[in-house]
Amino acid sequence: MSQPLRKPLGLVDYLAFENSSDRRHEYIGGEIHAMTGGTARHNRVAGNIYAAFLRRFDGTPCQVFINDMKLHVQAADRVYYPDVFVTCRHAVTDTQTVATDATIVVEVQSESTAGTDRREKLVAYRQLPSLRAYWIVSQHEQKVEVHRRDETLQWIAEAYGVGEALPVPDAEALSL
């Protein structure tokens, strides 16, 4: 993770700063960290997942977002820009820039973010009461790490590779 750019800010000040910035920054416990740009491959992987989720959740109350929408994890005092996420519980209006719940979060892993995705973000995202699955997707091989809540709400970690179907819950299961 990068070094913080400014002295600690409160969430409201961060959001005001972010709305006027020409670059994206994540909020980590009062510190803001500039985000690096992605590669064409990263963009295609995230875009393919986004498109698949749009088809999967078409006609349901679920909404699908891609990299420019922020996700506030209040319990962890974090605001991230997930590569893709799905929210099914509360409608997000067209003018909102931040969602506060997600049912599925997807991060496309890069060399610079692998550790953060597996440690910091895993711990933070799991604090979202609405979260049912967190995917860490490799952009260099056909591999997806899935951290998901089972029917008893216990966390299970699984890995999927070539030819294996990923467990994407339907909208009814995500709305519970």
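Refer to the preceding data block for the structure.
Rules used in this analysis
Residues numbered from 1 in each chain as written. Predicted model: local features only at pLDDT ≥ 70, side-chain atom pairs only at ≥ 80, totals over all residues. Heavy atoms only, no water. Pairing = 2+ DSSP bridges. Helix = DSSP H or I, 4+ residues; strand = E, 2+ residues; numbered from the N terminus. Contact = heavy atoms within 4.5 Å. Axes fitted to C-alpha atoms, helices over the stretch in contact; angles between N-to-C directions. Salt bridge = Lys/Arg side-chain N within 4 Å of Asp/Glu carboxyl O.

Caption draft 1: Structural view of the sheet that holds strand β1 (residues 25-28). Read from one edge to the other, the open sheet built from 5 strands follows the order β2-β1-β5-β4-β7, with strand pairing classed as mixed. Every interior strand has two partners, whereas the edge strands, β2 (31-34) and β7 (98-99), have only one. Of the strand pairs in this sheet, β1 and β2 are connected by 4 bridges, and their pairing is antiparallel. Bridge assignment links E26 to a residue of β2, and that residue is H33. Helix α1 (residues 11-20) rests against β1, β2, β4 (70-73), β5 (78-80) and β7 of the sheet, and its axis sits at about 175° to β1.

Caption draft 2: Region of the structure containing the pattern of salt bridges. Counted by the stated rule, this structure contains 7 salt bridges. For K121, the salt bridge identified is with E26, shortest N-O distance 3.4 Å. Residue K121 is found in helix α4 (residues 120-125), and its partner E26 is found in strand β1; the two are separated by 95 residues along the sequence. Across the pair E107 and K121 runs a salt bridge, and its minimum N-O distance is 3.4 Å. Placement of the pair is E107 in strand β8 (residues 104-109) and K121 in helix α4, with a sequence separation of 14 residues.

Caption draft 3: Representation of the sheet that holds strand β11 (residues 155-160) in the model. Spatially, β3-β6-β8-β9-β10-β11 is the arrangement adopted by the 6 strands of the open sheet, whose pairing is mixed. Sheet topology places β3 (63-66) and β11 at the edges, where each strand pairs with a single neighbour. When the angles between neighbouring strand axes are averaged without regard to direction, this sheet yields 15°. The pairing of strand β6 (residues 84-87) with β8 spans 3 bridges and is classified as antiparallel. Bridge pairing links V84 to V106 in β8. Sheet strands in contact with helix α2 (residues 40-56) are β3, β6, β8 and β9 (133-138), and its direction is about 170° off that of β3.

Taken by themselves, the reported measurements are silent on function.
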